[in-house]
Amino acid sequence: MDSDEENQPWIPLSQRLEWSDVTPVPQNDGPNPVVPIAYQDHFTETMDYFRAIFQAHERSPRALGLTSEAILLNPGHYTVWQFRRLVLEALSVDLHGELDFTETIAKGNSKNYQLWVKKSFLAISSLVSNISADTYRHHRRWVAEKLGTTATSKELEFTKKILSLDAKHYHAWSHRQWVLQALGGWEDELNYCDDLIEEDVFNNSAWNQRYFVITRSPLLGGLNAMRESEVKYTVNAIIARPENESSWRYLRGLYRDDNQSWVNAPAVSSICLKVLSTKTNHVFALSTLLDLISHGFHPSQELRDIVNALSTPESDSDLARTVCTVLEDEDPIRADYWKWRKSKLPQVS
Amino acid sequence: MESETQVVPTVTEREQWMVENDVFHVYDLFANAPRNVKPQLLKLRREKHLEYLNGGLRYLGPSFCVLDANRPWLCYWILHSLALLGEPLDAGLESKTIDFLGRCQDQEGGYGGGPGQASKISKLYTFLLQMKHPSGGFRMHDGGEIDVRACYTAISVASILNILDDELVHNVGNYILSCQTYEGGIAGEPSSEAHGGYTFCGLATMILINEVNRLDLTRLIDWLVFRQGRECGFQGRTNKLVDGCYSFWQGGSFALLRRVGSLIDAQLVMPDAGEHCTVSGTPKQGEILEGTSSQVDKTSQFRQGGLNGSCRVNYNDIGHSFISTCPLLEPLFNSSALQQYILLCSQVQEGGLRDKPGKSRDYYHTCYCLSGLSVCQYYQSEDDEALPSRSAVLGPYSNQLEPVHPLFNVVLKQYYEAHEFFRRQ
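So, how was this worked out
- Residues numbered from 1 in each chain as written.
- Chains lettered and ligands numbered in written order.
- Predicted model: local features only at pLDDT ≥ 70, side-chain atom pairs only at ≥ 80, totals over all residues.
- Heavy atoms only, no water.
- Helix = DSSP H or I, 4+ residues; strand = E, 2+ residues; numbered from the N terminus.
- Buried < 20%, exposed > 50% of the residue type's maximum accessible area, 1.4 Å probe, protein only.
- Contact = heavy atoms within 4.5 Å.
- Areas by Shrake-Rupley, 256 points an atom, 1.4 Å probe, with all protein chains shown as cover.
- Buried area = accessible area lost by both parts, 1.4 Å probe.
- Salt bridge = Lys/Arg side-chain N within 4 Å of Asp/Glu carboxyl O.
- Nonpolar A, V, L, I, M, F, W, Y, C, P; charged D, E, K, R; others polar.
- pLDDT = per-residue confidence, 0-100.
- Disulfide = S-S within 2.5 Å.
- Expected span 1.5 Å × (residues − 1).

### Here we look at the overall build of chain A
No. 1: What chain A contains, in helices and strands, is 19 helices and 0 strands.
No. 2: The burial tally for chain A puts 60% of its 349 residues in the buried class.
No. 3: For chain A, restricting intrachain contacts to residue pairs at least 6 apart in sequence, the fraction spanning at least 24 positions comes to 63%.
No. 4: Split by element, the accessible area of chain A, about 14,700 Å² in all, is 52% carbon and sulfur.

### Some points on the overall build of chain B
No. 1: Counting its secondary structure elements, chain B contains 19 helices and 4 strands.
No. 2: Out of the 425 residues belonging to chain B, those deemed buried represent 62%.
No. 3: Sequence separation of 24 or more characterises 65% of the internal contacts of chain B that already satisfy a separation of 6 or more.
No. 4: As displayed, chain B offers around 15,900 Å² of accessible surface, 53% of which is attributable to carbon and sulfur atoms.

### So, the interface of chain B and chain A
No. 1: With 98 residues of chain B at the contact, the number on the chain A side is 85 residues.
No. 2: In total, about 7,900 Å² of surface goes out of reach between chain B and chain A, with carbon and sulfur atoms giving 54% of it.
No. 3: Together, B:Val66, B:Tyr182 and B:Phe226 form the three largest contributors to the area buried by chain B at its contact with chain A, with a combined 11%.
No. 4: Connecting chain B to chain A are 7 salt bridges.
No. 5: In this structure, B:Glu189 engages A:Arg141 in a salt bridge whose closest nitrogen and oxygen atoms are separated by 3.4 Å.
No. 6: If you list the elements that add at least two residues to the side of chain B that touches chain A, you get helix 2 (11-32), helix 4 (46-58), helix 5 (71-84), helix 6 (91-104), helix 12 (217-225), helix 14 (261-269) and helix 18 (363-378) of chain B.
No. 7: Along the lines of polarity and charge, the residues of the side of chain B that touches chain A split into 43 nonpolar, 30 polar and 25 charged.

### A closer look at the pattern of salt bridges
No. 1: Taken as a whole, this structure holds 38 salt bridges over all chains when the rule is applied.
No. 2: Across the salt bridge formed by A:Arg252 and A:Asp291, the nearest N and O atoms sit 2.6 Å from each other. Here A:Arg252 is found in helix 13 (residues 245-253), whereas its partner A:Asp291 is found in helix 16 (residues 283-294), with 39 residues between them in sequence. We note that A:Arg252, like A:Asp291, is buried.
No. 3: One salt bridge in this structure joins A:Lys339 and A:Asp336, with 3.9 Å as the shortest N-O distance. You can see A:Lys339 and its partner A:Asp336 sitting in helix 19 (residues 335-343), 3 residues apart, about one turn around the helix.
No. 4: A:Lys339 gets classed as partly exposed once you look at its relative accessible area, which sits at 44%.
No. 5: Three or more residues joined by partner-sharing salt bridges are found here, namely A:Glu245, A:Arg249, B:Arg219, B:Asp222 and B:Arg227.

### Some words on the side chain of A:Gln177
No. 1: Following the sequence through the fold, A:Gln177 ends up in helix 9 (residues 170-183).
No. 2: Note on A:Gln177: relative accessible area 4%, which makes it buried.
No. 3: Leaving out residues up to four positions away in the same chain, A:Gln177 has contacts with A:Asn208, A:Gln209, A:Phe212, B:Pro190, B:Ser191 and B:Ser192.

### Comments concerning the environment of A:Glu157
No. 1: Mapped onto the elements of the fold, A:Glu157 is located in helix 8 (residues 152-165).
No. 2: Separated by 19 residues in sequence, A:Glu157 and A:Arg176 have C-alpha atoms that sit 9.5 Å apart.

### A few points about unusual backbone geometry
Residue and element names in this part refer to chain B.
No. 1: Unusually for a residue other than glycine, Asn171 sits at a positive phi of about 70 degrees.
No. 2: Positionally, Asn171 belongs in the loop between helix 9 (166-169) and helix 10 (172-177).
No. 3: You can call Asn171 partly exposed: its relative accessible area is 25%.
No. 4: Phi angles above zero are rare outside glycine, and Asn409 is one such case at about 50 degrees.
No. 5: A relative accessible area of 2% means that Asn409 is categorised as buried.

### Remarks on the confidence of the model for chain A
All names here are of chain A.
No. 1: Here chain A averages 88 in pLDDT, while 89% of its residues score no lower than 70.
No. 2: A low-confidence stretch, residues 1-5 (pLDDT under 50), is modelled with 7 contacts involving residues beyond four sequence positions or located in other chains.
No. 3: Taken together, the stretch residues 109-129 has pLDDT below 50 and engages in 56 contacts with residues farther than four places along the chain or on a different chain.

### Thoughts on the state of the cysteines
No. 1: Scanning the model with the defined rule gives 0 disulfides over all chains in all.
No. 2: The structure places no disulfide on A:Cys324, whose sulfur is separated from the nearest cysteine sulfur, that of A:Cys272, by 14 Å.
No. 3: The structure places no disulfide on B:Cys369, whose sulfur is separated from the nearest cysteine sulfur, that of B:Cys245, by 7.2 Å.

### A look at helix 11 (residues 196-208) of chain B
All names here are of chain B.
No. 1: Between the first and last C-alpha of helix 11 there are 18 Å, a value that for 13 residues agrees with the 18 Å anticipated at 1.5 Å per step.
No. 2: Of all the 13 residues making up helix 11, 13 are buried; the element is thus mostly covered by neighbouring parts of the structure.
No. 3: Looking one or two places after helix 11, you find Asn210, whose phi comes out positive at around 65 degrees.

The structure is reproduced here in structure tokens:
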């Protein structure tokens, strides 16, 4: 598609027969515009013709074609996308082709986007570039919604492709979640999460998706039914990489609705103990312990001893305070936070 | 240490190490610089930034075609940056901008991304109502996506324009609440991943509609504090890379939290009294606060609506009373580390600010890095209108910026002017 574009010279709309009846409408920027953009001629002309058919509410194949051209020039142009949907609807166009078109946009536009980000359209992450990712995703959702379950596998494949380029692409994940909830296709989703987490255990988006699957999939029994096996899975991930915040947060999330079980779960206190006894990478073990204690957990003597061993001589009789003191020391960027947490602990007499 | 365990580094680790390398290299250069040079290195290049910003108001190259649908936002990025730098806008430029933005407003009352484009969010109340979805969320534009950012846009605009009422507020809190994730931060939509930009938007929205006590603030803070890393700047999501723009999105959330200190205290005392766990349940406003009324202090105005649904709240006063609330003075994030990241890693010597070393400057990052820098400087002030203390400003004191209203990210002076103006309408 890229090479096609480069080989074929752009024919100005004013020279195309099918547009001879249309009077282009120039953008009315006023006499002294601010943030004026030095549009290239073909951008200006395309948008001038777009404005003409937009204002005339034209619903025609040529209007559809023109939106394609305009979108290729600026995929973030939500008005053009919105107009395109109106045309697609009016013309009853086969929307399978529309999915192909959007795919072309996703791939072919890397050229334009390199001006903004070094990566392709699919892999951009800053909020600015997300504007177009957002508009794009919204359109894709609209099309898939019209197509219904016939689009399921295509959409799951499509998002998978994007995620293979950027495993944390916010909008790809969002679209994938929508597809699963609206169209189904849950069967392999937990395996997919397994694969991604195995590939990169620090991929927080994959953990987030895992949480989505275990809490929302109609094929699984929900959080309560999944908790035991998920705790086991997560504990293993923590043992492998105790410095990984994603797995710790996921573990906490498994008890989101149920602080009582959180406090009473032997697996939780024992993973803290296990990580603390290795004497490295234990910021999350300590903060988890603090969270447990603040919810009423009574630490064992073994846990107390191991925490006290980490602290400098002036260890406190109150374990939560000791935990905060150790964290102040070992997690210097958050020293103020741990100091504040300590100040909020209930006073022990 | 990694090599000892012989684990093959993952994509996340490799990218993280590369960034840490770049950042620590910058910090090493700084650490080894002669004493008298250091203040120079930490200096905010005001003149250069002004040059870059003023240039953009007058001319943007062809590469900006992809932002053709975001020109009002470009105006904001640039004008807000100029305001932060304390640069008065000359009368000619001001009227030009008003004229231009006027052209972006369409017949339906909303503003579009450029002249003649469809409305996004309107100053007109009816338009905002049209964008409202039964779920409580707002759409970004007609037929557009519903998300937390759109909720914030609608609610904050309505609040500043003095048109926020029950009908606009209805169910918004439920929608935002459904977006707080198991991690503690807020996502763009229910079930998505917790994210700095949406966390700011969600938190600010909840404050503006007087329902912030419904969020699990303890978990929110726990998530937020871990977004600041060894690089000293903020990342947007767990295990993602540092990015200068989150200096405001995450830093701004801290600026918001320091004014809801008593609510945080209440939740810390009763950790199980949250509503966050029920995604679809009926909201039970204020149950968190019952029984903790002994802790009422200056933030009491933020409790009323939460305490009792029948208690009338004038939503339009919230933004104003918020900044006169007595703030929490203990810092929760490392402000001087963040300033170091912004000045040494995000600042481009030729003008403008950026995501991280190796990236190019742009107006978006310039706006949000400077906004974050301002938040840092005033983070420990008791009174946002007073000048920050010498020790709160990293580098020469001339780095000092104008303070912002953290709910709107508008320079405080301009906020007061707007508030006064619309109050009289």
